[in-house]
Each structure stands twice: as C-alpha cells, then as structure tokens.
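# Summary of the model geometry
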Amino acid sequence: MGTALTADGLSIRFGGVKALDDVGFSVAEGAIHALIGPNGAGKSTCFNVLSGVYRADAGRVELLGSDVTGLRPHQLAGRGLGRSFQNLALSPHSSVLDNVMLARHCRTRGGFLAAGVRWPGMLREQARHRARAVEICTFIGIEPLLDIPVGGLSYGDGKRVDIARALATEPQVLLLDEPAAGMHAGETAQIAELIVAVRAALGLSVLLVEHDMNLVMGIADRITVLDFGRVIAEGTPAQVREDPEVIKAYLGEVSDE
Amino acid sequence: MSTFIQVAVNGLGKGAVYALLALGFVIIFKASGVLNFAHGSLVLLGGYVAVRTENHLHFLGSAILGVTAAAVGALVIERVLVARRPLADPISLALLTIGVDVVMSEEIIRRLGIEIPFLGKPYDGKPVHIGSITLFRTQLIALGVGAVLVGAFFLAFRFTGWGVAMRAQAENREAAALMGIRSGRVTAIAWVIAGVLAGVAVLFLATQDFSGAGLSRSTHAVALVAFPAAIIGGLDSTGGAIVGGAIVGLTESMSAQYISYDFSKIAVFIVMLAVLIVAPAGLFGTRERTRV
Amino acid sequence: MSDDLALTDDDLDGGPGFSHRLSPARFLDRTLVGRTVILTVIAIAVLTPPMYLGPSWMRVGSYVMIGAVGAIGLTLLTGQAGQLSLATPFFMLVGAISYCVLGSADKPGKVGYGWPTWLAMVGAVLIASLFGLAFAPVAGRVRGVYLGVATLALVYVGLYAGQRWTSLSGGTANGRLAPDLNLFGITFLHHDNREKRVWYLFLALTVLAYLMARGAVRSRPGRAWRAIRDNESAAAALGVSVKRVRSEAFAISSGYAGLAGVMTALWYRLMKPDESEFVGTYSIQVAIAFLAMILIGGLGSVGGAIAGSALVNGLPGAMTLWIGSNHLFGSGDTAVTPVIFTAYVYGTAVVLVVLFEPGGLAALGRRGYLWLHRSPLRPYLPPPKGN
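Structural notes, computed from the coordinates. (Residues numbered from 1 in each chain as written. Chains lettered and ligands numbered in written order. Predicted model: local features only at pLDDT ≥ 70, side-chain atom pairs only at ≥ 80, totals over all residues. Heavy atoms only, no water.)

### Points about the layout of surface pockets
- The computed volume of the second largest pocket comes to approximately 1100 Å³.
- Taken together, 45 residues form the lining of the second largest pocket, with Val279, Gln285, Val286, Val339 and Tyr346 of chain C sitting closest to its centre.
- Of all the secondary structure elements, the ones that give two or more residues to the lining of the second largest pocket are α2 (39-53), α4 (90-112) and α9 (217-224) of chain B together with α4 (55-80), α13 (242-268), α14 (284-297) and α17 (338-356) of chain C.
- The element best represented in the lining of the second largest pocket is α14 of chain C, accounting for 7 residues.
- Of the residues assigned to the lining of the second largest pocket, the class counts are 27 nonpolar, 13 polar and 5 charged. (1 Å grid on protein atoms, 1.4 Å probe; cavity = no way out; pocket = protein on both sides within 12 Å on 5 of 7 lines; lining within 4 Å. Points joined across faces, edges and corners; volume = space filled by probe spheres on them. Helix = DSSP H or I, 4+ residues; strand = E, 2+ residues; numbered from the N terminus. Nonpolar A, V, L, I, M, F, W, Y, C, P; charged D, E, K, R; others polar.)

### Quick look at unusual backbone geometry
Residues and elements named next belong to chain A.
- Positioned with a positive phi, arginine 118 is a non-glycine residue whose angle comes to about 55°.
- Looking at where arginine 118 falls in the secondary structure, it is placed in the loop between α4 (112-116) and α5 (120-140).
- In this structure, glutamate 170 takes a positive phi of about 50° despite not being glycine.
- Here glutamate 170 lies in the loop between α6 (155-167) and β7 (173-177).
- Given a relative accessible area of 27%, glutamate 170 falls into the partly exposed group. (Buried < 20%, exposed > 50% of the residue type's maximum accessible area, 1.4 Å probe, protein only.)

### Topic: the sheet that holds strand β4 (residues 58-63) of chain A
All names here are of chain A.
- Taken together, 4 strands build an open sheet; the order of strands is β2-β1-β4-β5 and the sheet is antiparallel. Both outer strands of the open sheet, β2 (17-28) and β5 (66-67), are each paired with one neighbouring strand and no more.
- In this structure, strand β1 (residues 3-14) lies alongside β4, joined through 5 bridges in antiparallel fashion. Looking across to β4, one finds that alanine 7 is bridged to valine 61. (Pairing = 2+ DSSP bridges.)

### Quick word on the sheet that holds β7 of chain A
Residue and element names in this part refer to chain A.
- Pairing within the open sheet is mixed, and its 6 strands lie in the order β6-β7-β8-β3-β9-β10. Since the sheet does not close on itself, it has two edges, and those belong to β6 (81-83) and β10 (230-235), each with one partner. Across the sheet, the mean angle from the axis of one strand to that of its neighbour is 20°, orientation sign disregarded.
- In terms of strand pairing, β7 meets strand β8 (residues 205-209) through 5 bridges, oriented parallel. (Axes fitted to C-alpha atoms, helices over the stretch in contact; angles between N-to-C directions.)

### A word on the interface of chain B and chain C
- Every contact between the two is made by 46 residues of chain B and, on the other side, 44 residues of chain C.
- Taken together, the two surfaces of chain B and chain C that pack against each other cover about 4300 Å², and 78% of this comes from carbon and sulfur.
- Where chain B meets chain C, there are 1 salt bridge.
- Across the pair lysine 265 of chain B and glutamate 277 of chain C runs a salt bridge, and its minimum N-O distance is 3.2 Å.
- The tally of links from chain B across to chain C stands at 8 residue pairs in polar contact (both at pLDDT 80 or more).
- Residue assignment for the side of chain B that touches chain C shows that the elements contributing at least two residues are α4, α9, α10 (226-233) and α12 (261-278) of chain B.
- Counting residues per element, the side of chain B that touches chain C draws most heavily on α4 of chain B, which supplies 15 residues.
- For the side of chain B that touches chain C, the class distribution of residues is 30 nonpolar, 5 polar and 11 charged. (Contact = heavy atoms within 4.5 Å. Buried area = accessible area lost by both parts, 1.4 Å probe. Salt bridge = Lys/Arg side-chain N within 4 Å of Asp/Glu carboxyl O. Polar contact = N/O pair within 3.5 Å; in protein donor to acceptor, adjacent residues only side chain to side chain.)

In structure tokens form, the structure reads like this:
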C-alpha cells in the first residue's frame, strides 16, 4: 500500500512561538489516520499547513506521490485533496444543494456569458453534475434537505452538508477538521459510522484532527500524537493508548462522554 | 528653501486637522467595527451650530457649542442606530452610516442655502511672518491644538479607565464584557470623543487658509480625505491615524505646490492605493496571515 | 382541484429553491398560465407608456433604466460577490468617454476613431470591463471596507483624468457631443420622438442586462460569487480560484457600469466630465446613490436593483413632473427640492433596511409572494425561488 499524504519535517513559527517543530507522518492509502494532542499542540496549525492555508517555514508535503509543498488551497483541491471545516463555512442563505454544487465548480465550465444566455451545453453539464451531487447527498443521508437554506439546519445536519460538499470535489484524500466538535455521544457515533462508510464506499484516505478520544480510538487505523508542536508518539490506537508520553501530555484531558 | 518650509509647515498643519478626523475614525472603528461614513456630517453639524451661534456668542463660545453639537450628534448616531445592530457585518454597518450621512448632510447643506460661511475668524487669513517665510496662522494654530488634543487623547487612552476598557474591548469584545466592561458605555464615549475631534476639525477646515471654501458641500468632501489618512495608518491603529494624517497633509500641500492643484486631490488617493498594495491593512494595522 | 392542492402542499412547504424538482405535468400547465399572465402584465407595463405618457416622463423612465443597469452590475459585485465598491461612476465615465472617442469622427482637439456607433458601444463596454479587470488585483490585496475606500480612489482618478485629458473627454467646460447610436439603420437622438426611441432602446438594454444577470446568479458564476462572499477559505478549499472569480466579478460589474455610462451619454446627448468630486454625473454622490439602490433593493437581488433605481433615480423626476415645480416645501435657496427630498427618502430607507429588513425590497417582495401562495391563486403561481 502506498502513502496518500506525507508530512515531512514541517516547521512553522508565529512570532516567537514555534507552532510546529519538525513534524512528520504518513497517511497510508485507504487508511483513517488521526492527529491528536492536547490544546495548543499544533493540530490545527498542522492541518492548515497540509490544506495550504498556511505556508510552512520548512519541510515538505507530499500528496499522492507528488510534492505539493507551498501550493494554495484551490490547487490542492484540484489534485485530490478535500477538507471539511470546523465552523462548517457554508453559505447560510443558499440551499443545501447549492452549497454542495459549489464543489463541482472546478469540474465544470461556463462563465457569465454562457450562464447569462443559458447556453444549452452548459445547462446539460449542470444537470449531470447536479445528479452526481444529489447522489452524494443521498449517500450522506441529507437528500430530504436539498432545497432548504443551510442557515436553518441543525448543527449536525450542517456538518453532513459540509462533508457532502467535501466529497463532491471527488477527493482521494479527505481532511476532516474536528468532525465531532460540539456533538454529544449519539451524534459522534453517527459521524464515526459515516466516516467509515465513506471510506469503504469511495476508497478514500482520511486524516482527521480530533479531540474526542472515543471517536479516534474507535475508527482510526493509526494515530499521530502532537504536543507543543512536536510528534511525541505514533502507532495504532492500542499502542498510543499505552504510550507513557501520551499519557503524560494529556493527563486527565480524555473526554469521557 | 523658504517655499519648501512654507509648504511643509502648511502641510503639517493640514495634517494635524486630518489627523484629528482620522483619529476619530479609528476610535469609532476600534469601538464599533464600523467605517463611519457619517463623519463628514458630524463635521458639518459642528460647523453649522458654530456658524449659527456666532452672532450671539463670540468665537470661543460658538466653537464650544459646535463641538458639543458634533459630540451629541455622534452619540445619537451610536446609541439610536449603531447599537441596535451589533452583530451586523461591517459592510452593512458602513452602509447604515452612509444612510445617516446622506440625510444629515443634505439637510444641513440645504439650510445653509447659498451661504458659504467661513469659520475661524480670529485666525483665518492672518498670515504669520517669520523672516522671509510666510505661514498660515490657521495651520499653525491647528498644529498646536491638534498636538494638545492628540496628546490628551493618548494620555487618556493609556491611563484612564476608559482607555484601558477601550483597548481591552478592541482586542476581545467578549472577554472584555465578561470582565465587567460595559461595552455600551465604552463605545458611546468613543463616539463622543470622535465627535469632539470632528467638531474641532471643522473650525480649521472651513477657512480660507485651509480649503479656500467656507462651510458647504465641499467641507463634507474634504472630510472624506480623512479616510485615506486613517487607511494609510491602519484602521485599527490610533498612532497610525496621526502618521496617516501627517502623510496626507504633506502629500496634499507638496503636490499642490510642485505639481498642480488638481493633482493634489488624487495624489492623496494614489498614495493610499500604493500603501494598501504594499501593506493591505495600512502601515500599522494588524494583518491577516492566512492565504487563499 | 384538491388533488393538485395535496401535491403542491408537499412540494411547496419545503421552503424556497426547489425549482430543481420535477413537477407533475398538471402542475406545470397551471404555472405556465400563471407565468404567461405575469409576463404579459409586465410587458404591457413597460411597452405601452410611450403611447400615453409625454416625453418628460419618458426621460424620467429612461433615467431610471440607466440606474437599473448600473445597479444590477453593482449588486452582482457587492451583493453577490461581497466586494464593496464605490467605483461605479468611474466605470461609467470610462464607458461614456470610450463611446464618444470610438464613435465620433476625429476632430482637432477631440480624438475620435469614427467607428460604427453600435460597435463603439460594444467597445466601450469592453473597455470598461478591462479597466475593472485591471483593478481586480487591488481587491485581492485589500478586504472589506478597506476595499470600499480603495475604490473611492478611482472616482478621484476619473475626476482628474476628465479634467486633464480634454482631447478625450472634451474638458469640464464643454464636454463633447455623444454620437448618435445607429442600430440596424435606426437612429435615436435626432428625431422628434427621440424620447420614445431612447425609451425602447434603454428598455431592450435593461432587459438584456437583467436576463443575463439573473441567469448568472442562478448558476455556476453566482455560486462562485456567493462562495467568495460568504467564506473565501472554504471556496478556495473547494477548488474555486478566488482570484479569478473576483476578477470576473469586477470585469462584469464594470462592464455594466460602462454600459450605464454609454446610456448616460445618450440620455444627455453630451458627455461632460465633472468639475468636482462630490457633485456631478460621475461623482461620489452618484456612487453613494448606487449603493443605496442596491441596499434598498436587497443586496444581491437583480430585481431589487431595478426597484432601487426606480426609487433613487426615478423619484426626483417623477415628483417634479407631478407637482409641476421644483420646490416641495419652502421656497428660495433653502427649499426642499425633489432631489433633496429623494435624498431624505433613500437615506432613511437605507437606515431602515439595515436595521429592520436586511433583505431589502427583495425580501419584502418574497414575503408578499409567499403570502400570495396561501391564497386561491396558488396553482397558477410559479414556485418561489431562493437567493
């Protein structure tokens, strides 16, 4: 099995603080890989570097075999990297379908003129892509909500829309930013099921940044642990759970919901 | 050389007035997150009250009344309007102030009719001669008054309860509220201070020395020049407002003298565009780190 | 009858935006009737006025249409794509000057290329678009309200250019005559019934502007614009090139403004740059008026932009004609004129909209339409749409 996503020697500094210090790990193809660590460990920073939002001061990022260090988010999206957002980042006044259709933007063509005159070729293409978007939404379970403005949805449904949207970019590697944030045990279990189902159905590789230990221990194949911007442990859930460094770093922060 | 000194001092004097206006913008921006397009109306309001009371009180009395009127106007705008929509996005709030500005300025300009009264009678058009150099008295006094007011403001900003509260609120609104800072009051005081600064500024703006035009629509437009001053310095930097004001004042006089009067108007905006391209949040404003 | 109601109940109670759904054939028939009726009413409303209204009213209507075109462009840029812009008058100026330069014959002191005027009009719109495209990178560096002030700079640039380059602009004293438009042999400006001809011409341009904008808003370009407005990082992460989408928005919006500029030159039959930056055809006051139009109409709403223009550009002229004088209240130099009164109205409307109904007239219209949907007219009405 090859690697889908590799971080190698990533370092970044904000002012006087070294947020990431020589961070490296690999997400195997088809695996669910979790990135965990106590608050302030640098998980979000690492996530942002991998998704192109920040530019690291040093280090490399490799995606599906090619070097993508320093590429911007929309370029990464074009190379098969999808991501979800912790704060959902949806357009509240637009419908669910409209939000998901945004993900098809880079796979469709047609600018103002074509859209303005309702060029038949463009309308046909839109219909095709709309069908695919509906398919993805049905798989995620939000098909009944397609025409509802996103602003009126519950947080849990909004999360699903966000994931559907990420999937609609047809990624091969999916980055999930705290998918269980703000959810109780029941909802977390549902999200866990969804991630596993998505991986099984689409053959994706998944990297998730997460606080919720139940989710992580439940579905991750491998875990990388950060603390103070450094990797302090890596392994299977069983290995990481026993690792003394990890226990020391967390000391009582395991959520027991 | 003497021309240069004249132009420079003139520019700094104008800069002092722009700095007062820009400082007002920045204070409002820090307190409410709003780009106050109604600032020009506050300027007009202060000037109008000063003009109308001039015959009954002497200069100082009418000036004080004008400044008070501008302060009250600012307070009313904040309390009645801006405070009602604290969660609105910055663009909507800016548009709100545009609406207020349209109504206020049209009404004041209408009441002036064809009058274009000058303010600042004690010092307007009375040049000061130092050797071979002739300086505008208005600009000199503006420099002095500006320095005093700015100094007082910074002292207040650093050392008074209000100043500390403002800085805390500007940094993290929620945390400040949780710490017991009464956001409504802090914000109201901020607007009042901005109104005071605007009311003082008009006493120099509507003079022969400064703009060649009395209180009129063009005073409202001249107040607009304070926008680039605030932007150049950085909308959330009080120190930046002073620097921005100075830059704008100097740019205006230098370009008027050495290039052309027509060019001086756009010179300021060209400088602003240049600064923005190099420093998108102004010279001293806080930058975002994320890329898209 | 009750069958239809049952079906429509399911379909309609989900909320706006379900035009994606396929409807049963019977449902379509009724709404087809409804749509036809609505369109016919609108057509009658805009095609017949020249038959019963005099030339002065025609001029007011044409002036509203100029504002409508400019406002549609601005609502796409500021309302849909979230880029605050005060530069509409600048691009109008570019459009007007370009039209005159391209379409006039060359004369000493006034540059002209003598193109066929319909081509000059197209050229003017394209040139304005190019200027917009050139400015877009600035918008990439500068965000939010900062961008608004940066665009203000363009109005000053336009003012200066108009004053200095008199061989292009004709100078602030005289300006230059606008060449008559010649479309398929039809000319407009030098006839006895020119107001009527201009009305129909502007109507055609406005309808074209409206249809194209609506088509874009509902499909791929509109989605991309809304994405960069609501959350740029998310848009980028989904593969949208924010830079390109923003440039496109500026180019299109300035093209619309350029067209409005050409229409202005035709309306005045003259293209004259302003003497000051705060009062005049291409001034800051106009920029603010356009912002008021799109806010009152509802940010992002194409139909709302037209409604906004009807208020801001139409009210002064309409009032003057209705009253028959220029003084509403008072007299002399401090009289409240229709222009001043309109300023009060739209200034207050802006404040009210921001405070109480951020969706503007479009939101009010939507609510009214939903209310209509609860009436017996329901089967005839097309489903309400979102955005």
